[in-house]
Amino acid sequence: MYSRILVPLDGSNLAETVLPVATEMAGYYNATLVLLNILEKDGSGTIHGQRHLSTTGEACDYLESLAVKLRSQGFKVETEAHEARESDVARSISEHARELKTDLIILCAHGNGGIRDVLIGGMAQQVIQRETIPVLFIRPEKMGSVPHTSWKTILVPLDGAPMHETVLPHAVAVAQRSGAVLRLLTVVPTADTLRVKEDAVRRVLPGSMGVALDYSVEESQQYLQKICTDLSRQKLLASGVVTRGDATTRILETITKEHIDLVIMATYGHRNWDAFWEESVTPKVLANSPVPVLFVRETRE
């Protein structure tokens with residue numbers, strides 16, 4: 001599934017918190033780790049309270065020092081220090097992902113300003129809009145410590161749309177390698193949690209919308225049962241649950257209640273970024289998830 005894993009690093013200890021997860025994934029798939037540094041144009045002198053890498057030589061030395069340690073542990077490692085300073089770091093990471101032929105990006109997402117906001121927002125925008133490369137985001141400040149890699153339970157939110165089943169091969173592949181149990185979740189809205197367009201219909205036809213939502217619950221239960229049956233044929237342990245309410249709220253509640261270790265979910269690729277953030281639960285889950293989240297770009301027929 002993954003043969004080359006891109007790990008963008010900025011020289012800080014915070015960014016390096018992704019390395020345990022990156023090495024775990026590399027071990028699962030015998031993948032090559034590609035460590036990348038991009039010098040930020042007009043960047044500050046410090047980053048995350050540490051001295052900011054300021055020259056290509058410093059970046060090369062830094063990446064190679066990490067590579068030596070990882071190679072001594074048996075991992076295949078390549079390094080790439082981008083020489084030109086970039087004002088759009090997110091775009092540059094996306095371009096390197098393609099040029100270096102990587103098929104997974106593992107990224108520390110930290111949203112306290114500057115380059116951190118670029119990585120949490122702009123990076124998602126660039127990759128999801130322009131690429132099909134999955135991105136595994138890790139937010140260490142939400143996790144309280146370095147994320148553990150013993151993934152025993154994986155949450156897979158689904159909404160019944162075939163295009164969002166893009167996530168299933170990824171969930172299956174990770175579960176097979178890690179031995180994790182899959183928890184499938186579908187959230188059917190209530191009348192109070194409908195999106196704007198759907199709520200307009202509810203106001204005009206309140207009775208019809210209520211019946212439609214109740215029917216959606218039944219359909220969703222059958223849908224998840226079919227997927228669980230298919231997964232069991234692949235010798236995977238999987239269960240599905242349908243719940244009601246706001247999708248983001250229910251996903252985050254499930255992460256806590258079910259002791260989820262990893263979330264794998266589909267996300268949109270609209271060119272209109274405002275529409276993407278308005279209609280998708282992606283940014284809300286990313287901002288609040290206490291566990292790593294693997295986003296897989298949806299595909300359309």
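What you see as residue numbers is a count from 1 along each chain, following the sequence as written. Residue-level local features of this predicted model are given only where pLDDT is at least 70; pairs of side-chain atoms are given and counted only at 80 or more, and the full residue set underlies all totals for whole chains, interfaces and linings. Calculated side-chain values reflect all of the structure's heavy atoms, with hydrogen atoms and water omitted.

## Quick notes on the overall build of the chain
Link 1 in the chain: In DSSP terms, a helix is any run of H or I states spanning at least four residues, a strand is any run of E spanning at least two, and both are numbered starting from the N terminus. Check the secondary structure of the chain and you find 11 helices and 12 strands.
Link 2 in the chain: Summary of the burial criterion: residues with accessible area below 20% of their type's maximum are buried, those above 50% are exposed, and those between are partly exposed, where the area comes from a 1.4 Å probe applied to protein chains only. Per-residue burial over the chain gives 51% buried out of 301 residues.
Link 3 in the chain: Long-range contacts, defined here as pairs at least 24 residues apart, represent 79% of the contacts in the chain between residues at least 6 apart.
Link 4 in the chain: Working definition of accessibility: Shrake-Rupley area with a 1.4 Å probe, residue cover restricted to the visible protein chains. Per element, the accessible surface of the chain, about 14,000 Å² overall, is 50% carbon and sulfur. Note on definitions: a residue-residue contact is assigned when non-hydrogen atoms from the two residues lie within 4.5 Å.

## Considerations on the packing of aromatic side chains
Link 1 in the chain: Stacked, tilted and edge-to-face are the three classes applied to pairs of Phe, Tyr and Trp rings, where Trp contributes its six-membered ring and a pair requires centres within 6.5 Å; stacked means planes under 30 degrees apart, edge-to-face means over 60, and tilted covers the rest. One pass over the full model with this rule turns up three aromatic pairs.
Link 2 in the chain: Residues Y28 and Y29 carry aromatic rings whose centres are separated by 6.4 Å and whose planes lie at 85° to one another, so their mutual orientation is edge-to-face. Side by side, Y28 and Y29 carry an identical accessibility label, which is buried.
Link 3 in the chain: Judged by centre distance (5.9 Å) and plane angle (65°), the rings of F137 and F295 are edge-to-face. Here F137, found in strand 7 (residues 135-138), pairs with F295, found in strand 12 (residues 293-297); they are 158 residues apart in sequence, far enough to count as distant. Across this residue pair, the class does not change: F137 and F295 are buried.
Link 4 in the chain: Taken together, the aromatic side chains of Y2, Y28 and Y29 make up a single cluster linked through ring pairs.

## Focus on unusual backbone geometry
Link 1 in the chain: A positive phi angle, near 60°, is found at K101, a position not held by glycine.
Link 2 in the chain: Positive phi, close to 65°, is recorded for K235, a residue that is not glycine.
Link 3 in the chain: Mapped onto the elements of the fold, K235 is located in the loop between helix 8 (206-233) and strand 10 (238-244).

## Considering the pattern of salt bridges
Link 1 in the chain: Salt-bridge detection follows one rule: a side-chain nitrogen of Lys or Arg within 4 Å of a carboxyl oxygen of Asp or Glu. Using the criterion set out here, one finds six salt bridges in the structure.
Link 2 in the chain: The shortest N-O distance in the salt bridge between R4 and E78 comes to 2.9 Å. Taken together, the residues span a long stretch of sequence, with R4 in strand 1 (residues 4-8) and E78 in strand 5 (residues 76-86) at a distance of 74 residues.
Link 3 in the chain: Residue R4 is classed as buried on the basis of its relative accessible area, which comes to 18%.
Link 4 in the chain: With its nearest N and O atoms 3.0 Å apart, the salt bridge here joins R250 to E253. Here the residue R250 and the residue E253 both occupy positions in helix 9 (residues 247-257), the gap between them amounting to three residues, near one helical turn.

## Digging into helix 6 (residues 167-178)
Link 1 in the chain: Between the first and last residue of a helix there are one fewer steps than residues, each counted as 1.5 Å, and that sum is the expected span. Under the 1.5 Å per step criterion, the end-to-end length of helix 6 is 16 Å for 12 residues, consistent within 8% with the ideal 16 Å.
Link 2 in the chain: At the C-terminal side of helix 6, G179 shows a positive phi close to 75°.

## So, the nonpolar core
Link 1 in the chain: Among the nonpolar cores identified, the biggest contains 61 residues, and I5 and M25 are the most heavily contacted of them.
Link 2 in the chain: Residues grouped as a nonpolar core are buried Ala, Val, Leu, Ile, Met, Phe, Trp, Tyr and Cys residues, joined through side-chain atoms within 4.5 Å. Core analysis: the second largest hydrophobic core is formed by 27 residues, V89, I93, V135 and V187 among them.

## Examining the pairing of strand 12
Link 1 in the chain: A large share of strand 12 lies buried, amounting to five of its five residues.
Link 2 in the chain: When DSSP finds two or more bridges between a pair of strands, those strands are recorded as paired. Relative to strand 12, strand 7 runs antiparallel, the two being bridged by three bridges. By the bridge assignment, F137 is partnered in strand 12 with V293.
Link 3 in the chain: In this structure, strand 11 (residues 262-267) lies alongside strand 12, joined through five bridges in parallel fashion. By the bridge assignment, M265 is partnered in strand 12 with F295.

## Focus on the packing of helix 1 (residues 19-29) against helix 6
Link 1 in the chain: The contact between helix 1 and helix 6 brings their axes to 10 Å, and the two run at 85°. The angle between helix 1 and helix 6 places the two elements in the roughly perpendicular class. Together, M25, Y28 and Y29 of helix 1 and A173, V174, R177 and S178 of helix 6 make up the contact between the two elements. Angular values range over 0 to 180 degrees, each being the angle between N-to-C directions of two axes fitted as lines to C-alpha atoms, with helices fitted over their stretch in contact. Note on terminology: angles under 35 degrees are roughly parallel, angles over 145 are roughly antiparallel, angles of 65 to 115 are roughly perpendicular, and the others are oblique.

## Focus on the confidence of the model for the chain
Link 1 in the chain: Per-residue confidence from the prediction method is given by pLDDT, with values spanning 0 to 100. Of the residues in the chain, 72% have a pLDDT of 70 or more, and the chain-wide mean is 79.
Link 2 in the chain: Element-level mean pLDDT values for the chain span from 42 in helix 7 (residues 196-204) up to 96 in strand 8 (residues 153-157).
Link 3 in the chain: Predicted confidence is poor over residues 196-205, with pLDDT under 50, and the contacts of this stretch with residues over four places away or in other chains come to seven contacts.

## Regarding the environment of Y223
Link 1 in the chain: Relative to the helices and strands, Y223 resides in helix 8.
Link 2 in the chain: Residues Y223 and T186, spaced 37 residues apart in sequence, show a C-alpha to C-alpha distance of 9.4 Å.
Link 3 in the chain: Once residues within four sequence positions are removed from consideration, Y223 is found in contact with L158, G160, A161 and E165.
Link 4 in the chain: Polar contact is defined as a pair of N or O atoms within 3.5 Å, subject to the rule that within protein one atom must be able to donate a hydrogen and the other to accept it, and that residues adjacent in sequence are counted only when both atoms are side-chain atoms. Only 2.8 Å separates the side chain of Y223 from the side chain of E165, close enough to count as a polar contact.

## Examining the side chain of R4
Link 1 in the chain: A polar contact is formed between the side chain of R4 and the side chain of E78, at a distance of 2.9 Å.
Link 2 in the chain: At 2.9 Å, the side chain of R4 and the backbone oxygen of L100 are in polar contact.
Link 3 in the chain: If near-sequence neighbours (up to four positions away) are discounted, R4 is found in contact with A31, T32, V34, E78, L100, K101, T102, D103 and L104.

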